[in-house]
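# Structural description and commentary
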Amino acid sequence: MNYGFLIDNTRCIGCHACSVACKVEHEVPLGVARTWVKYIEKGAFPDTRRTFTVTRCNHCSDAPCVEICPTSALYKRHDGIVDFDPGRCIGCKACMQGCPYDAIYIDPQTETAAKCNFCAHKVEVGLTPPCVTVCPTQAIVAGDLDDPASSLVQILGRKPVQVRKPEKGTGPKVFYVEADAASLVPAAAPPPSDYMWAQAPQPPSALPLTEEAGAPRRTWGVKEQHRNSWGWKVSAYLWTKSIAAGAFLIPALGAILDPERSVGAGPVLLALFFLALTSGLLIGDLRQPRRFLWTLTKPQWRSWLTRGSYVLAGYGGLLTLQLALRLGPLRSEALAGHRGLLALTALFATGAAVYTAFLFGQAKGRDLWQSSLLAPHLVLQALAAGAALTSPRALLWLLPVDALLIAAEVWGRHPTEDGRRAAKLVKSGPWLLQGVLGLGHLVPFLLLLLAFRAPGAAGAGGFGVLASAFALGGLLLWEHLFVWAPQQVPNA
Amino acid sequence: MTIERLSPGSGLQPYAPPERWDDYVEYDPKQWPKRVEKRYSLVPTICFNCEAACGLLAFVDQETMEVRKFEGNPLHPASRGRNCAKGPATINQIQDPERILYPLKRAGKRGEGKWKRVTWDEVLDEIGGRIRKALLEGRRNEVMYHVGRPGHERTMDRVLKAWGIDGHNSHTNVCSGAARLGYALWSGYDRPSPDHANARFILLLSAHLEAGHYFNPHAQRILEGKQRGAKLAVFDPRLSNTASMADYWLPTYPGSEAAVLLAMANVLLDEGLADLDYVERWTNWRELPPEGEGAGGGTEPTFASFLAALRARYARYTPAFAEAESGVPAARIVEVARQIGAARGAFAAHVWRGAASGNLGGWQVARALQLLSVLTASVGTQGGTSPHAWNKYKPTFWEEPPGQKEWNELLFPREWPLSHYEMSFLLPHLLKEGRGKLDTYFTRVYNPVWTNPDGMTWMEVLSDEALVGLHAALTPTWNETAAFADFVLPMGHAGERHDIQSQETQSGRWVSFRQPVLRAARERRGETFRHTWEANPGEVWEEDELWIELSWRIDPDGSMGIRRWFESPYAPGEKLTVHDYYRWIFENSVPGLPEAAAKEGLAPLDYMRRYGAFLIESGAYGLQHKAVPVSGSAERDPASGVVRDGGKVVGVEIEGEVVAGFPTPSRKLEIYSRTLSDWGWEGEALPGYIRSHVARSEMDAEKGEMVLVPTFRLPTLIHTRSGNAKYLNEISHRNPVWIHTRDAERLGIASGALVRISTEIGYFVNDAWVTESIAPGVVACSHHLGRWRLHEGEGSRWSTVPVRFDRQADGSMLLRQLGTIEPFESADPDSSRIWWSDGGVHQNLAFPVHPDPISGMHCWHQKVVVGPAEAGDRYGDVSVDPAKSMAVYRSWKEKTRPAPGPGGLRRPLWLDRPLRPADEMFKI
C-alpha cells in the first residue's frame, strides 16, 4: 500500500472547499493550514489567467521531515502516509527546515508540529479524506499507488503529471495534472504585501517582487510557516557552539601537538559555559522545552538533531570530566594532561562544531545550507571563535581562510535557483560586505597586524582584545545571515 | 480498539454507508494517532448558506449530543455529497460564540443599542396581539414579511394567505428580478435550468464556478460537461475564477452584453446556423407587426416576412458594433457565435444576476441570451436550457387558503406594472412618500440596511416609529438591520430547523428535507419534543413553529378564520405540528416517495428523516411537447393555434397535435412580447439592446468617470450571513477596488493606495487593487465585506468593525470606522487568534436606488469618479447625502410608464406575481 494524491488542475476551480473541510475535520486553528489553494495570476489583459494550486504535504516516499525528526514524531506508515504524533513532538521545527514544501506548521494550541496526515484516521477505515469528499469538481483523487485498479493509478497512466520540486529527490506523492509552472515554483511569485480578498498574513518575504504587469503574481496564499521558523536563537546557538568547541579545541590542539603545553581550567570552564549557553538556546527554541531530553530518550538515529544531541551531551560530559580533573577532589594532573583523553574530548569538540553541517544538510528545504563547504567551515569557525578568546594571533591566518570560505559559500556556484536566491539575499544590503567581511574580518585582521607588528609585542594587548571582539561579532553576523537568508525563500 | 475497514484492500469510499448512519463509529482525529472511537448519529439536513440547498450530513456526537461537523449528504441528488467551502463552515456558524441564543427586546430607543432578554411567550403575545388588532381593524396591508434568504418552500405563502394579507416582500429586485422578467417574457418561466452536464457549448453571463445561484451543483455539472468536451465561454468584465476556467473569456464592458449576444444572433442568422424550422414552429413570430406603416396590411404574415423584419431590426447589431460597445474583438464574438451554432440543440446558457442586475434594461440581456437558445433549438433539450419549473418540485398542502383580497402598493406600486417582483428596495422611499405605513414588519435573514442601496434611507425609516410600528428581525446572527429592530428573534441555522428545498440544479426534479439535527438525533433515541427550540442551542426557534404559534395567538378561538389553516390534517381542531405538516406533504405530494419509502419499510416522513432527499425524476426534457387531452368543445384559434377548453387556455396546436407548450399567452416562446407592446414599451418587444446607464457613451472621460461593478461574489462568502464563519472570514475579509494597471497609472494610484470612489450621492474610501484581471475603464469591488456595528454586542466580531455616523456640515452623513477587526476572548480559543484586522469597506451605502422602469430591478452598476484619496479621508469612510438619494430615486421613477394597462389592470394577468392575490385584485 502506498497512498498518494492527484490534483487535476483542469477541474480545480479554486473554491477553498478542501481547505475548509480540512480545517473542520481537524479543528485547525486560525493562522495555520494543512492544505490551501494558491492563486497565481499572470498575463496581460485580456490574456490574463488565474491558476489554482492545491498545496499540502507531499507524503514523500523519501520524506526529509521523517529523517530529520529527532523523536520519530513524524513517521512513515506502512501505507505510505507520512503521519505525526503530537505526543512525541518536542517542537524543534527541524521538520519545517527539512520539508521543501512548507507543509508543516506548529499548532498554536498544542505547540507541536502538524500537517496534512492524509486523514489517516479516515483512510484506515477505508474512507477518503474530507478534502477529497467535499471537492465539488472531484479535482482531488486519493488512492493507492500500488493498486493498478485504483483510479489514481489509472489517471497517472493516462495523463502526464508534474510534482513540486522533483529535483529535491524526495519522491513527492501529490501529482498535478496540467500544473502551471509559475504556480509550482514558489519563488516565481513570492508572497506579496496583500491579497485580492485577504490581508497578507505576514510581511512580504525579502525576495523582490516582479512589478511588471502580467508577470506571475500571487493573489491568494497563507502564512509561510517555514519562513524564519529558526530565528535568532538558532543563529546564536551556532555561534555559542563555535565558541564552546573552539575554546577547548585551540588549547587542546596545542597541547596534543606540543607536549610542553597544557590545557588549563580556564578554557575548559569557558567551553563549558558556552556549551551550557548553547543548550539553553537550543532548549529555549523548542516549542516544548520540557521535552528536551526526548532527543536522548526517544532517539531517532537518522536525525542529526539526535546525533548532535548525543555529541553535545558527550562533549559536555568530557568537559565536565576535564574540569573535574583540574579542579576539585578528583584533580589529577596526569589524567588532565592525558593526550588520549584530550584527543577524545577534542574529537567531541570537533563533532559539536561540525554536526550542524549534517543537520543543515538534512534541511532539504534550505538550498543554501546544502553546501559541501559547510562542515570544514564550521570547524574553521569554531577554531576562529576559540582563537578569538584564547589565542588571537591564530586569527591572522584563520580570518583570511574564513573569509575565503564565506566568499566561496556566497559567490561560489549554487546548483539550484533557490540557492542562488538565498545567496543573493546574503549579498544584498550592507550586512555581508561591510559587516561580516569588513568589520568582522578585515578590521580585526588589520588590528592584529598592528598589534603583532609592534616591536616586542608579546601578547595582543588592547588591539588584540578589540580584534577578537570584532572577529566574534563578524562570526555571529555571518551565522545570522546564513541562517536567515535561505529561510526567506518561499517553499510553497 | 480498531474499527473494521469498510472494504477490503486499499480502496477508499467517500461516504459513510447510510445503513450505518444511526450508529456510526469513526476515530477521533483530535486524539490521533491514538485510536479513540467516537460514536455519531449522522443526520441529513440542508445547507443554509447560498440558495443551492446542498445536502449536509451532521455528525452528532452521541456522547455530548453536540454537532461535531457537517459533511455532505451523498444521497442528495444535486450536491451528491459534495459542497463548497460554505458547507463544512456551517459548523462555525452553529458554534459561533457571537450568535444570538435568546429572544431580545429593545430596552431603549430604537437603534440605541440597548437590549433585554425576553421569553418567547412575551414575544408571541405582543406580536400576535398587534397583528390581530391590525387585521381586525382592516389594516391588512400594514403587516409585512420581508425575506432575504427564502427558506421553506411555499410555507410562507401559505401563512400569509391564511392571514389574508398582501404582505410578502422579498430581496429579489436587488438580486435576480431583471433576468427573471427577461426569461418570463419568453416562456412564462422566470428561471433558466441549463443542462450543463450534457451541453456541447456553455455560455455563462455569470460566475457559476465560484458563486451564484446553485454554485456547487452547477460547478459540478459545468466541469462534467467540460470533461466531456463542451467548450465554455464567459462574459465578465472582471476575470472571475469562472472566466479563468473558460475556453473563451469575453471581458464585455458592463452593459454591452445584449449587444454582443444580438451580434451573435446575427451571425447565427447570417451563416445559416439558426434552426429556422424550430423558430417557425415554436415562436410566436406571427405577432411581430410588419415593418413600416401599412406594410403587409391585410395580408397574412409569413415566416419569411418575419425573418426579413427581424433581420432588418437587428441589422445594426453587427460584430463590429458589438466590439465598439463591448471592447471584445469582433472576430472573437464571431468565433464564439459559430461554436454556439455548432452546438445546436445542446447549448446551455445562464444569466441570473451579473449583467442583468447591473444595468438599466438588464432584463433584455436575458431576452437576448434566450434568443440564442431559441435560435439553436436548445430550449428544454438534453444539453440545452430548460425552464426551471420542469426541474423544480413544489409541495402542495391538504388545504390551501385562497388568494388574498388585497393589493399592497408598497409592494407593487403603479409605476412598475411589469416589475417581476416586489419593489422591495424602495420600501423606505415609498414610506417616506406617504404611501402607507407598517404596523408590524418582519425581516427574515434580511439585511437591507447593509445590503440594499441607500442604506441610510433604510436606517432613517426603520428608526421612525410612525412609519414602522414594530420591527421584528428573525435572524440566526446579528446584522446591521437587526440593530434597528424592536425584537431580535434568533432563528435556526442550517441544521436547526425544518423546511423543504428543491432547486432547478439539473435535468431532473428532487426534493430535500432540512431538519433540526439535534432534535432529529435525540428523537432517534426515543426522546420527544414539543418544539424544536427545546433541542436547539439556547432558545433558538424555527420559523415553521413560530408561524403556527403566532397564527394561533392572532386567532385563538378560530373566529377570524385563520387558525383553521394551522390545525393538523390528521387531528382537526388540534394545533398543527411540524411532524404532521411534513408527514402530510411527504405522504401526499411527492410523486414516487411513498412507494420508495414502502420498499424500505418506512413511512414517507421517516424516509426523508433518514435520507434527507429524494429524486423524483431525472431527464425531464421536451415537456412542451406533452400532449394535452381536449374535449370536443375545445376551440382553436386559427391564427395562433392556441386551444381553449372550458374558457381556459389549455395548450397549443403544433403540427396538428394539441400540446402543452409554454405558459405564455401564445403558448409559444414569445420572441415578440405583445405584453410589453401593450403596456407601453413597443420598442422593447423584441429581444433587444437597451443602452445601460453605465454604457461607455454615458461616461465622461474628461471627468474621470468609470463604471463600478459592485456585485461580484467570492467563492467563500454569502451576502452578510456568513460573517460568523471564522474559517471563511480567514480566507476572505477585505474588498479592495480592482482597477486596471493602465487606469491606475493614469490616475497615479499604486496598488494598496487609498482611493476615493465618488458616486451620485457620496463616496467611499477603499484600497486599490491594481490588476490585469479587469477591463480598462472598469472598477470592481466585491460584495459581502465592510460589515460594521454601531454598538458592542450588535455584530459579530469575526467580521464587523465598530463605526460611528456623523452628520457633516453640508448635511451629508459620514460613516467612519472606529476600530478594526481584533482578536477577542470567547469560548472558542480561535477568537483570540484572529490575525487579520481589515474587515473591508461598505460600498453599498454610497449607492442611490436605480429602479429599472420596466423590470423594477435595482440596476447595481454605478457611474463613479475614481481618484486618489483626499485630505482627511480614512480607510472605510463612507459619505452620503440623503437628500441626493431621494432625488436620484425620483429621477429614475420618472422613466416609468405607470399602470393602468389594457383593461384597467395593475399588471398583466398572465404574468405571475409572488403571493398572487385573487385575480380581481389585478384591476385598479
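My aim in this report is to walk through the structure given alongside it, one point at a time. Keep in mind the model is a prediction, meaning the values are calculated, not measured. (Residues numbered from 1 in each chain as written. Chains lettered and ligands numbered in written order. Predicted model: local features only at pLDDT ≥ 70, side-chain atom pairs only at ≥ 80, totals over all residues. Heavy atoms only, no water.)

Position of Gly 126 of chain A relative to the elements: it lies in the loop between α4 (120-123) and α5 (130-134). With residues up to four places along the chain from it excluded, the contact list for Gly 126 of chain A reads Arg 5, Leu 6, Gly 11, Leu 12 and Gln 13 of chain B. (Helix = DSSP H or I, 4+ residues; strand = E, 2+ residues; numbered from the N terminus. Contact = heavy atoms within 4.5 Å.)

This part takes up the pattern of salt bridges. This structure, assessed with the given rule, holds 96 salt bridges over all chains. With its nearest N and O atoms 2.7 Å apart, the salt bridge here joins Lys 69 of chain B to Glu 25 of chain A. A residue pair is termed interchain when its members come from two chains, as with Lys 69 of chain B in strand β4 (residues 67-72) and Glu 25 of chain A in helix α1 (residues 17-26). As far as the burial class goes, Lys 69 of chain B and Glu 25 of chain A line up, both buried. A salt bridge links Lys 69 of chain B to Glu 26 of chain B; the shortest N-O distance between them is 3.1 Å. In this pair, Lys 69 of chain B is assigned in strand β4 and Glu 26 of chain B in strand β1 (residues 24-27), connecting sequence segments 43 residues apart. Grouping residues by exposure puts Lys 69 of chain B and Glu 26 of chain B together as buried. (Salt bridge = Lys/Arg side-chain N within 4 Å of Asp/Glu carboxyl O. Buried < 20%, exposed > 50% of the residue type's maximum accessible area, 1.4 Å probe, protein only.)

The full count for this structure, using the stated rule, is 50 aromatic pairs over all chains. Taking 4.9 Å as the distance between ring centres and 65° as the angle between the ring planes, the aromatic pair formed by Tyr 39 of chain A and Phe 52 of chain A counts as edge-to-face. With Tyr 39 of chain A in strand β2 (residues 35-42) and Phe 52 of chain A in strand β3 (residues 49-56), this pair connects stretches of sequence that are 13 residues apart. Note on accessibility: Tyr 39 of chain A and Phe 52 of chain A belong to one class, buried. One Lys or Arg, Arg 158 of chain B, reaches over the ring of Phe 397 of chain B and ends 5.3 Å from the middle of that ring. The ring of Trp 892 of chain B is capped by Lys 895 of chain B, whose NZ or CZ atom sits 4.7 Å from the centre of that ring. (Phe/Tyr/Trp six-rings, centres within 6.5 Å; stacked < 30°, edge-to-face > 60°. Lys NZ or Arg CZ within 6 Å of the ring centre and 35° of its normal.)

Before going further, it helps to spend a moment on the interface of chain B and chain A. In this complex, chain B contributes 81 residues to the contact, which on the side of chain A involves 75 residues. Buried surface at the junction of chain B and chain A, summed over both partners, amounts to about 6400 Å²; 57% is from carbon and sulfur atoms. The interface formed by chain B and chain A holds seven salt bridges in total. A salt bridge links Arg 68 of chain B to Glu 27 of chain A, with the shortest nitrogen-to-oxygen separation between them at 3.5 Å. Counting the contacts that link chain B with chain A gives 43 residue pairs in polar contact (both at pLDDT 80 or more). Counting only elements with at least two residues in the side of chain B that touches chain A, the list comes to β1, β4, α5 (215-227), α6 (241-245), α23 (726-731), β26 (737-740) and β28 (762-771) of chain B. Among the elements that line the side of chain B that touches chain A, the one with the most residues is α5 of chain B, at six residues. In terms of residue class, the side of chain B that touches chain A is made up of 43 nonpolar, 21 polar and 17 charged. (Buried area = accessible area lost by both parts, 1.4 Å probe. Polar contact = N/O pair within 3.5 Å; in protein donor to acceptor, adjacent residues only side chain to side chain. Nonpolar A, V, L, I, M, F, W, Y, C, P; charged D, E, K, R; others polar.)

What follows concerns the side chain of Asp 828 of chain B. Residue and element names in this part refer to chain B. Tracing the chain through its elements places Asp 828 in the loop between β32 (813-817) and β33 (862-868). In this structure Asp 828 comes out as buried when scored by relative accessible area, which is 17%. Of note is the side chain of Asp 828, whose polar atom sits 2.8 Å from the side chain of Lys 726. Within the local environment of Asp 828, its side chain forms a polar contact with the backbone nitrogen of Asp 830, the two atoms lying 2.8 Å apart. Those residues in contact with Asp 828 that sit more than four places away from it in its chain are Pro 97, Lys 726 and Trp 798.

So, on to the sheet that holds strand β18 (residues 499-501) of chain B. All names here are of chain B. Taken together, three strands build an open sheet; the order of strands is β18-β19-β20 and the sheet is antiparallel. The outermost strands of the open sheet, each flanked by one partner alone, are β18 and β20 (613-618). Taken over all neighbouring pairs, the strand axes of this sheet differ in orientation by 15° on average, direction set aside. Strands in contact with helix α19 (residues 578-588) are β18 and β19 (508-514); relative to β18, the strand with the most contacts, it is inclined by about 35°. (Pairing = 2+ DSSP bridges. Axes fitted to C-alpha atoms, helices over the stretch in contact; angles between N-to-C directions.)

Coordinates in, geometry out; function isn't part of it.
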